[in-house]
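What follows is each chain in one-letter form.
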There are 2 protein chains.
Amino acid sequence: MDVITLAHGAGGQLTKELIEGLFYKYFNNEILLQGNDSAVLPALKGKIVTSTDSFVIKPIFFRGGDIGKLSVCGTVNDLVMSGASPLYITVAFIIEEGFEINHLERIVESIAETASAAGIMVVTGDTKVVEKGFCDSIYINTTGIGVLERDIYLSGDRAEIGDEVIINGNIGEHEASILIQRGELGLSGELKSDCALLDRLIIDILDNCQQVKVLRDPTRGGIATTLNEIAQQSGLSIRLVEDSLPIGNQVRSLCRITGFDPLYLANEGKVVVFVNPAESRLVLEIMQQSSLGKDARIIGEVIEDNKQRVYLKTNISGTRIINSLTGELLPRIC
Amino acid sequence: MDVITLAHGAGGQLTKELIEGLFYKYFNNEILLQGNDSAVLPALKGKIVTSTDSFVIKPIFFRGGDIGKLSVCGTVNDLVMSGASPLYITVAFIIEEGFEINHLERIVESIAETASAAGIMVVTGDTKVVEKGFCDSIYINTTGIGVLERDIYLSGDRAEIGDEVIINGNIGEHEASILIQRGELGLSGELKSDCALLDRLIIDILDNCQQVKVLRDPTRGGIATTLNEIAQQSGLSIRLVEDSLPIGNQVRSLCRITGFDPLYLANEGKVVVFVNPAESRLVLEIMQQSSLGKDARIIGEVIEDNKQRVYLKTNISGTRIINSLTGELLPRIC
């Protein structure tokens, strides 16, 4: 069994073999093959958009994805939330000494496949190796670069009274799935992470709708935290309707057993859209035509209330305040 | 003593407090304060240049710098090696649960100071927290974005027969200094890392010289490995002259005691310049006028030899082949 050694991260002969034998095999493009310290990209017409994320998820291979797929989806999704077209990505590995090279190859292959599905190029990277016990198998940073070709400004502060809030499907499935797979609570089930690229869905929406104000992917902290951020950015409040929240049966029963609230569970293939009500049906129809949006729903609206809160109208006709996540549910879900 | 908890990385209330209370305090610019998932930057005229690096150095505070300063210098230096003007940087932290917040603040302040010295903005970031024992206090990824406004192409494959190889000062001081500070070999001394921003020096050189072919910073693997990379990219060989290598007394005696070879020790404030001999004096003079180049020297030249090797003409009139680093000297030097 071939494993990663400290020398693979020393910048010498073994680093070179790893780059040429493994990374160039899967990430094959003219820019990366320049082989210099930095990547020179063509000039771009339009504003440039960038986003960075490090991924420390445990386990690294999970139902619905792996740390490689997640590293690309997470960064591509952050770019497209601004309306940008993603173009390039950088990939930096921190690897624990002793990590199996065939596991690294699976991850690299997954990064390459996901990047290819998103139509982006891996243009430069970095590999560091730390001694056994100083990281948990592998951590990955990706940074994306895209271009904003549309004349739009999507931002939390653009939400307006009356805007409807739409989500493209069932909430909480990424975190619930990771929770099950950690095995710590003795739960079982086949629930898959919703980890997915949202680029095509967002492009379809923006190509057809003129009155989208905000796009945001409700990852860590779930939709509760994401919607609180937007309430604060806009200075308004948001009212959700409990009955309208799309929640799958497996997440529902997991939450019943554990006491977790699906509003706080992380998603990795969901987007919340704030749109003028004149276009909310259109957004919903576009979502429902996509495999990533068949369970799409209007879940709430922006209301005139400067307390900057998120309210939930419950099934028993009451209303409760939904705060941002405090504390943490589960470490290392992304 | 306030410490980082898992909740600081959960994306909820404590993450927000860390961002607003600490990061916004030091990284204060309009783009970062947009507060969305990605940063929208102005359009750029010219080719875009990007580079990424993760930093896992031990110790995180060292003579001559800290992991924050190093994270900015490393990425800025990689950008300028292409001739680009650095503009923006992203910063992503992986922090161990229990890490002292005042240590994080020192690092953030150091990042902000170094970014300011380089005239660049921290435009977006990420914070992940892992459980105690799953990283060694803090790891940082930075990704830089710059613009190539000059009509030049600097690359290892541009080296030509007769080009002279110049370095801006004493070699090996970063790695030697880290080695001493680890204390593992019972060595002592006040040697400082050479960690520095090279942007101004490179701009001065490129503003005044037309025949520079390659710029490269000899970090991990030292000048031996860097020059081997360039020999391979260009298909030529390089001959160094041992007598001309600038080596400080402390590195010289450390190498005598430990058996390390200064050619393989990492630098963090050095650049090797390949230039047509017609301009080598000019490059040398520009370097020597800078505080970062008072010990600059011509150390060798490109020779007609398609074996793609690096040769060292030794003091006793012999010549030996200098290979790339094999194995590793010291883990986690950057």
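Cut-offs used in this document
- Residues numbered from 1 in each chain as written.
- Chains lettered and ligands numbered in written order.
- Predicted model: local features only at pLDDT ≥ 70, side-chain atom pairs only at ≥ 80, totals over all residues.
- Heavy atoms only, no water.
- Helix = DSSP H or I, 4+ residues; strand = E, 2+ residues; numbered from the N terminus.
- Rg over C-alpha atoms; globule rule 2.2 N^0.38 Å.
- Contact = heavy atoms within 4.5 Å.
- Areas by Shrake-Rupley, 256 points an atom, 1.4 Å probe, with all protein chains shown as cover.
- Lys, Arg positive; Asp, Glu negative; His and termini not counted.
- Charge placed at Lys NZ, Arg CZ, Asp CG, Glu CD.
- Core = buried A, V, L, I, M, F, W, Y, C linked by side-chain atoms within 4.5 Å.
- Buried < 20%, exposed > 50% of the residue type's maximum accessible area, 1.4 Å probe, protein only.
- Salt bridge = Lys/Arg side-chain N within 4 Å of Asp/Glu carboxyl O.
- Phe/Tyr/Trp six-rings, centres within 6.5 Å; stacked < 30°, edge-to-face > 60°.
- Expected span 1.5 Å × (residues − 1).
- Polar contact = N/O pair within 3.5 Å; in protein donor to acceptor, adjacent residues only side chain to side chain.
- Pairing = 2+ DSSP bridges.
- Axes fitted to C-alpha atoms, helices over the stretch in contact; angles between N-to-C directions.
- Buried area = accessible area lost by both parts, 1.4 Å probe.
- Nonpolar A, V, L, I, M, F, W, Y, C, P; charged D, E, K, R; others polar.
- Least-squares fit on C-alpha atoms with pLDDT ≥ 70 in both.
- Left-handed = near helix turned anticlockwise from the far one by under 90°.

*Asks:* What should I look at first to understand the overall build of chain A in this one?
*Replies:* Across its full length, chain A holds eight helices and 14 strands. Taken against the 2.2 N^0.38 rule, which gives 20 Å for 334 residues, the C-alpha radius of gyration of chain A at 21 Å falls within 12% of a compact globule. With the C-alpha coordinates of chain A rotated into their principal frame, the extents come out at 65 × 50 × 35 Å. Residue pairs in contact within chain A that sit at least 24 positions apart in sequence constitute 84% of those at least 6 positions apart. Accessible surface, chain A as shown: approximately 12,300 Å² in total, 45% of it carbon and sulfur. Charged side chains of chain A number 30 positive and 44 negative; the gap between the two group centres comes to 5 Å.

*Asks:* I'm lost on the nonpolar core in this one. Help?
*Replies:* If you look at soluble globular proteins, the nonpolar side chains tend to sit buried side by side. Phe-93, Leu-104, Ile-138, Leu-263, Val-273 and Phe-274 of chain B are the most contacted members of the largest nonpolar core, which has 96 residues in total. Dropping the residues within four chain positions of it, Phe-274 of chain B is found in contact with Ala-159, Glu-164, Val-165, Gln-211, Val-212, Lys-213, Val-214, Leu-227, Ile-230, Ile-238 and Val-302 of chain B. Grouped together as the second largest cluster of nonpolar side chains are 77 residues, Ile-111, Ile-140, Tyr-264 and Ile-333 of chain A included.

*Asks:* Which parts of the structure should I look at to understand the pattern of salt bridges?
*Replies:* Side chains that carry opposite charge are capable of pairing whenever their charged atoms lie near each other. Counting across every chain of the model gives 32 salt bridges over all chains. One salt bridge in this structure joins Asp-53 of chain B and Lys-128 of chain A, with 3.6 Å as the shortest N-O distance. Taken as a pair, Asp-53 of chain B in strand β2 (residues 47-55) and Lys-128 of chain A in strand β6 (residues 121-130) lie in two separate chains rather than in one. Residue Glu-160 of chain B pairs with Lys-213 of chain B through a salt bridge whose shortest N-O separation is 2.7 Å. With Glu-160 of chain B in the loop between β7 (138-148) and β8 (164-167) and Lys-213 of chain B in strand β9 (residues 212-216), the pair connects residues that are 53 residues apart, well separated along the chain. Three or more residues joined by partner-sharing salt bridges are found here, namely Asp-53 and Arg-220 of chain A together with Asp-126 and Lys-128 of chain B.

*Asks:* What exactly am I supposed to notice about the packing of aromatic side chains here?
*Replies:* The geometry of an aromatic ring pair comes down to the distance between the two centres and the angle between the two planes. Residues and elements named next belong to chain A. In the structure shown here, the tally under the stated rule is four aromatic pairs over all chains. Ring centres 6.4 Å apart and planes at 15° place the aromatic pair Phe-23 and Phe-27 in the stacked group. Among the residues examined, Phe-23 registers a relative accessible area of 7% and is labelled buried. With a centroid separation of 5.3 Å and 10° between ring planes, the pair formed by Phe-23 and Phe-93 is classed as stacked. Placement of Phe-23 in helix α1 (residues 13-26) and of Phe-93 in strand β5 (residues 85-96) is noted, with a sequence separation of 70 residues between them.

*Asks:* Even after reading the chapter, I still don't get helix α2 (residues 67-80) of chain A, so can you show me in this structure?
*Replies:* Each α-helix turn comprises 3.6 residues. Residues three or four places apart therefore point the same way. All names here are of chain A. Look at α2: 20 Å from first C-alpha to last across 14 residues, which is about the 20 Å you get at 1.5 Å a residue. Here α2 lies mainly inside the structure; 13 of its 14 residues are buried. Of the residues flanking the start of α2, the one acting as N-cap is Asp-66, its side-chain oxygen 2.7 Å from the backbone nitrogen of Gly-68.

*Asks:* Any chance you could explain the sheet that holds strand β14 (residues 319-322) of chain A here in plain terms?
*Replies:* Hydrogen bonds along the backbone pair up the strands of a sheet, which may run parallel or antiparallel. Residues and elements named next belong to chain A. As summarised here, the arrangement of the seven strands in space is β9-β11-β8-β12-β10-β13-β14, forming an open sheet in which the pairing is mixed. The open sheet terminates on both sides in strands that have one partner only, identified here as β9 (212-216) and β14. Strand after strand, the sheet turns through a mean of 25° between neighbouring axes, direction not considered. Bridge analysis of strand β10 (residues 237-241) against strand β12 (residues 297-303) gives four bridges, and the strand direction is antiparallel. In the sheet register, Leu-240 faces β12, and the bridge partner there is Gly-300.

*Asks:* So what exactly am I meant to see when it comes to the interface of chain A and chain B here?
*Replies:* Many descriptions give the size of an interface as the accessible area lost when the pieces come together. The interface of chain A with chain B comprises 76 residues on the first partner and 75 residues on the second. Taken over both partners, the interface formed by chain A and chain B buries close to 5,800 Å², and the fraction arising from carbon and sulfur atoms is 56%. Three residues, Asp-37, Ile-48 and Arg-220 of chain A, lead the burial of chain A against chain B; their summed loss comes to 12% of the area buried on that side. Applying the counting criterion to the chain A and chain B interface returns eight salt bridges. One salt bridge connects Lys-58 of chain A with Glu-131 of chain B, and the closest N-O pair in it is separated by 3.0 Å. Counting the contacts that link chain A with chain B gives 39 residue pairs in polar contact (both at pLDDT 80 or more). Within the residue set of the side of chain A that touches chain B, elements represented by two or more residues are α1, β1 (39-41), β2 (47-55), α2, β5, β6, β7 (138-148) and α6 (222-234) of chain A. Classifying every residue of the side of chain A that touches chain B gives 30 nonpolar, 30 polar and 16 charged.

*Asks:* Even after reading the chapter, I still don't get the relation of the copies chain A and chain B, so can you show me in this structure?
*Replies:* Related by rotation about an axis and a shift along that axis, the two copies of the chain form a pair. Superposing chain A onto chain B takes a rotation of 180° combined with a translation of 0.0 Å along the rotation axis, leaving an RMSD of 0.0 Å. Taken together, the rotation and translation describe the operation of a two-fold axis. No C-alpha of chain A lies nearer the rotation axis than that of Cys-135 of chain A, which sits 2.3 Å from it. Counting the interface residues of chain A, we find that 99% of their copies in chain B are interface residues as well, pointing to one common contact surface.

*Asks:* Would you mind showing me how to read the environment of Leu-292 of chain A here?
*Replies:* Residues and elements named next belong to chain A. Counting through the fold element by element, Leu-292 comes out in the loop between α8 (280-289) and β12. On the accessibility criterion, Leu-292 (28% relative accessible area) is partly exposed. Residues within four places of Leu-292 in sequence aside, it is in contact with Asn-168, Ala-196, Leu-197, Leu-198 and Leu-201.

*Asks:* Would you explain the packing of helix α5 (residues 199-208) of chain B against helix α8 (residues 280-289) of chain B in this entry?
*Replies:* Any two packed helices are characterised by how steeply their axes cross, that is the angle between the axes, and by the distance between the axes. Residues and elements named next belong to chain B. Running from N to C, α5 and α8 cross one another at 145°; their axes reach a closest spacing of 10 Å. Here α5 and α8 pass one another in a crossing that is right-handed. Contact with α5, carried on its side by Leu-201, Asp-204, Ile-205 and Asn-208, involves Leu-282, Val-283, Ile-286 and Met-287 of α8 and no other residues of that element.

*Asks:* Help me out: how do you make sense of the pairing of β12 of chain A in this one?
*Replies:* Every regular strand shows the same layout, with side chains that alternate between the two sheet faces. When strand β8 (residues 164-167) of chain A meets β12 of chain A, the two strands line up antiparallel, connected through four bridges. Looking at the pairing, Ile-166 of chain A lines up with Ile-298 of chain A of β12 of chain A.

*Asks:* Honestly, the sheet that holds β5 of chain A in this entry has me stumped. Any pointers?
*Replies:* Across the sheet, five strands lie side by side as β6(A)-β5(A)-β7(A)-β2(A)-β1(B); this open sheet has mixed pairing. Of all the strands in the sheet, just β6 of chain A together with β1 (39-41) of chain B have a single pairing partner and so form its edges. The mean inter-strand angle of the sheet, taken between neighbouring strand axes irrespective of direction, is 15°. In terms of strand pairing, β2 of chain A meets β1 of chain B through three bridges, oriented antiparallel.

*Asks:* What is the right way to look at the side chain of Lys-213 of chain A in this model?
*Replies:* Residue and element names in this part refer to chain A. The class for Lys-213 is buried, based on a relative accessible area of 5%. Within the structure, Lys-213 has its side chain in polar contact with the side chain of Glu-160 (distance 2.7 Å). Excluding its chain neighbours within four sequence positions, the residues that come into contact with Lys-213 are Tyr-153, Leu-154, Ser-155, Arg-158, Ala-159, Glu-160, Asp-163, Phe-274 and Asn-276.

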